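Each chain is listed here by its residues.
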Amino acid sequence: MKYSEYINLHLNFLKEFDENPEVQEIAIEHSIRRVIGTNYGHKPTVALAKAQVIDKDGKLQETDEIVGINVAFHHENDRDSFAKLLDFKEYSYICHLQNKDRAVMEKLMPNKHTVFMSTDQANKFIKGTLQIKIDSVEQLGTRLVKS
């Protein structure tokens, strides 16, 4: 491969990264996997978290307000490694459920190996720690982490 072809491939990737939220999500997911030191098959899923409320009938209703991101892991030890990194870097997050609120929280965060970060904290983490240039996590799209 010629050097000019390599440069063109790199420039095309950068253009696609700037324009495609799916490519940005994948870059963030792989960066998290690498920074916590897990194998390729342990890539987490990153998705926007929308505000959710429980209506008078006890059903969970989703709003359009984006409140942060969910980072879901397949393995508890991967989630714990990520939490240790966040603690070390002094970021705020939620991943442990209180017993008294467990039923409500399980409806809000169905995946037991999920870490929630507010929009502000997620932006700081992605831009600062992962050093990925994005405007805001809100541009990533609207898929949610499912259990």
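A brief structural summary. (Residues numbered from 1 in each chain as written. Predicted model: local features only at pLDDT ≥ 70, side-chain atom pairs only at ≥ 80, totals over all residues. Heavy atoms only, no water.)

## Side note on a nonpolar patch on the surface
Phase 1 of the analysis: A cluster of nonpolar side chains, contributed by M1, Y3, Y6 and L9, occupies part of the molecular surface with about 560 Å² of accessible area.
Phase 2 of the analysis: Position of Y6 relative to the elements: it lies in helix α1 (residues 3-19). (Patch = residues over 30% accessible without salt bridge, like charges linked within 9 Å, V, L, I, M, F, W, Y side chains within 5 Å. Areas by Shrake-Rupley, 256 points an atom, 1.4 Å probe, with all protein chains shown as cover. Salt bridge = Lys/Arg side-chain N within 4 Å of Asp/Glu carboxyl O. Helix = DSSP H or I, 4+ residues; strand = E, 2+ residues; numbered from the N terminus.)

## Looking at the sheet that holds strand β3 (residues 114-118)
Phase 1 of the analysis: Taking strand neighbours across the sheet as the criterion, the three strands line up as β1-β2-β3 in an open arrangement whose pairing is antiparallel. On the outer flanks of this sheet lie β1 (45-54) and β3, each paired with one strand and no other. Adjacent strand axes in the sheet meet at a mean angle of 50 degrees, parallel and antiparallel pairs treated alike.
Phase 2 of the analysis: Taken strand by strand, helix α2 (residues 21-36) contacts β1 and β2 (60-72), and its axis lies near 105 degrees from that of β1.
Phase 3 of the analysis: Sitting on the sheet, helix α5 (residues 119-129) is in contact with β2 and β3, with an inclination near 100 degrees to β3. (Pairing = 2+ DSSP bridges. Axes fitted to C-alpha atoms, helices over the stretch in contact; angles between N-to-C directions. Contact = heavy atoms within 4.5 Å.)

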